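# Chains, contacts and geometry: an overview
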Amino acid sequence: MNAWLPFAIATGLLFGMQTILIKKLSVSYSQHTVMAAVFLIAAIIFVPFLSRFSISDLPVFFLWTGLSFIINIFAFSLLYLAIKNAPVSLVAPFFNLTPVFVIFTGIIVLNEQLSSKQVAGIVVIFLGAVLLQLPEMRDALSRGVFNRSVKSVFLALLVSFLWSFTAPMEKKALLAGNSISYGFMINLLLGLYFGGRVVLAKREKLALIIKQHALLMVGVITGTMALVQYQAILLQKVGPVIAYKRAGVILSIGYGILILKEKAGYYRIFGAVAIIAGGFILV
């Protein structure tokens, strides 16, 4: 088995769990509270590993970390809104389109060239995501009305597009440092931003995070996911790793259908199968 593959699979499973928890938390907590928990706890997860903190090229590291930080502020703000305002089994698969965009951004930022097999796998994942949304889009177009769910899908697409830039930026930062230095810094910066919004704008206390098990859990999952994801990116091209990460939405689909009792026809099931198949083609 390729060395990167276990890390990529673990990343996908943890991403699915993260999406589920954000959906649950969006009912009771504000966007900034949830995201502060996500990133502040994730940064703490890196603390035991800080003895391995290393940066070989400071200007390059902070350039790409800073750009990733700015884009991720928008990406995670939109992610929360997309998940909150639509069925998770519908919206989550569209985060899986990042690998399609990475075909282009990976070339632009990293000069990475994907094989024809990898491109085929990414295209299959893309078609699966389209199939998942087909009934809703057809209904919206026939009525000429884009409801809240369809708008959330477009938000999810925008998130995927933004993440296609942050993924190669992450690799640039990782190569200028390592998985510990980048993982700690990006989560700390995002945690301070969203935590600051909680304290200054919402007039709420961050102590709430450590008192609520669900808020703690989403941060632990995020930190663990970051550890394995960045290791996978160091060992493999960005596209395949991110494709496996997004394949974790299968967990989100199952949660939406089985636990939340969201309606899902055969289109959504076939789309989920296509996503899994695309991941295997990538290997």
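Residues numbered from 1 in each chain as written. Predicted model: local features only at pLDDT ≥ 70, side-chain atom pairs only at ≥ 80, totals over all residues. Heavy atoms only, no water.

### Observations concerning the packing of helix H8 (residues 179-200) against helix H10 (residues 213-235)
Relative to each other, H8 and H10 sit at 140 degrees, their axes nearing to 10 Å. Regarding the angle of H8 to H10, the classification is oblique. Our pair here, H8 against H10, has a crossing hand that is right-handed. Here H8 contributes Ser 179, Ile 180, Tyr 182, Gly 183, Ile 186 and Asn 187 to the contact with H10, which in turn contributes Thr 222, Ala 226, Leu 227, Tyr 230, Gln 231 and Leu 234. Tallied by class, residues from the contact of H8 with H10 come to 7 nonpolar, 5 polar and no charged. (Axes fitted to C-alpha atoms, helices over the stretch in contact; angles between N-to-C directions. Helix = DSSP H or I, 4+ residues; strand = E, 2+ residues; numbered from the N terminus. Parallel < 35°, antiparallel > 145°, perpendicular 65-115°, else oblique. Left-handed = near helix turned anticlockwise from the far one by under 90°. Contact = heavy atoms within 4.5 Å. Nonpolar A, V, L, I, M, F, W, Y, C, P; charged D, E, K, R; others polar.)

### Some points on the packing of aromatic side chains
Under the definition given, this model contains 8 aromatic pairs. On the basis of an interplanar angle of 85 degrees and a centroid distance of 5.3 Å, the ring pair of Phe 61 and Phe 62 is categorised as edge-to-face. A relative accessible area of 0% means that Phe 61 is categorised as buried. Given a relative accessible area of 44%, Phe 62 falls into the partly exposed group. Seen in terms of ring centroids, Tyr 182 and Tyr 230 are 5.1 Å apart; in terms of plane orientation they differ by 75 degrees. Their pairing is edge-to-face. You can see Tyr 182 sitting in helix H8 and its partner Tyr 230 sitting in helix H10, a full 48 residues away along the chain. (Phe/Tyr/Trp six-rings, centres within 6.5 Å; stacked < 30°, edge-to-face > 60°. Buried < 20%, exposed > 50% of the residue type's maximum accessible area, 1.4 Å probe, protein only.)

### Notes on the confidence of the model for the chain
Counting all residues, the mean pLDDT for the chain is 79, and 70% of those residues have values of 70 or more. The spread of mean pLDDT over the elements of the chain runs between helix H11 (residues 238-246), the lowest at 63, and helix H3 (residues 58-84), the highest at 94. (pLDDT = per-residue confidence, 0-100.)

### What to know about the packing of helix H2 (residues 31-46) against H8
Contact pair H2 / H8: the axes reach a minimum separation of 7 Å and the direction vectors enclose 150 degrees. As the angle between them shows, H2 and H8 are arranged roughly antiparallel. The handedness of the crossing between H2 and H8 is left-handed. Here the contact of H2 with H8 is composed, by residue class, of 14 nonpolar, 8 polar and 1 charged.

### Quick word on the environment of Ser 152
Along the chain, Ser 152 falls in helix H7 (residues 148-176). According to the relative accessible area criterion, Ser 152 is buried, its value standing at 2%. On a C-alpha basis, the gap between Ser 152 and Leu 78 in space is 8.8 Å, while along the polypeptide they are 74 residues apart. With sequence-adjacent residues up to four places away left out, Ser 152 is seen in contact with Leu 81, Ala 82, Asn 85, Ala 86 and Val 91.

### Considering a nonpolar patch on the surface
A cluster of nonpolar side chains, Val 123, Phe 126, Leu 127 and Val 130, forms an exposed patch at the surface whose accessible area comes to about 320 Å². Considering the arrangement of structural elements, one finds Phe 126 in helix H6 (residues 116-143). (Patch = residues over 30% accessible without salt bridge, like charges linked within 9 Å, V, L, I, M, F, W, Y side chains within 5 Å. Areas by Shrake-Rupley, 256 points an atom, 1.4 Å probe, with all protein chains shown as cover. Salt bridge = Lys/Arg side-chain N within 4 Å of Asp/Glu carboxyl O.)

### As for H2
Within an α-helix, residues lying three or four positions from one another point in the same direction, as the helix has 3.6 residues per turn. With 16 residues, H2 should cover 22 Å at 1.5 Å per step; its first-to-last C-alpha distance of 23 Å lies within 8% of that length. Most of H2 sits out of view: 14 of its 16 residues are buried. (Expected span 1.5 Å × (residues − 1).)

### As for the environment of Gln 212
By the secondary structure assignment, Gln 212 is in the loop between helix H9 (207-211) and H10. For the pair formed by Gln 212 and Ala 37, sequence separation is 175 residues and the distance between their alpha carbons is 9.9 Å. At a separation of 3.2 Å, a polar atom in the side chain of Gln 212 contacts the side chain of Tyr 29. (Polar contact = N/O pair within 3.5 Å; in protein donor to acceptor, adjacent residues only side chain to side chain.)

### Considering the environment of Ser 77
Mapped onto the elements of the fold, Ser 77 is located in helix H3. We classify Ser 77 as buried; its relative accessible area is 15%. With residues near it in sequence (within four places) discarded, Ser 77 still touches Gln 31 and Phe 194. Within the local environment of Ser 77, its side chain forms a polar contact with the backbone oxygen of Ile 73, the two atoms lying 2.7 Å apart.

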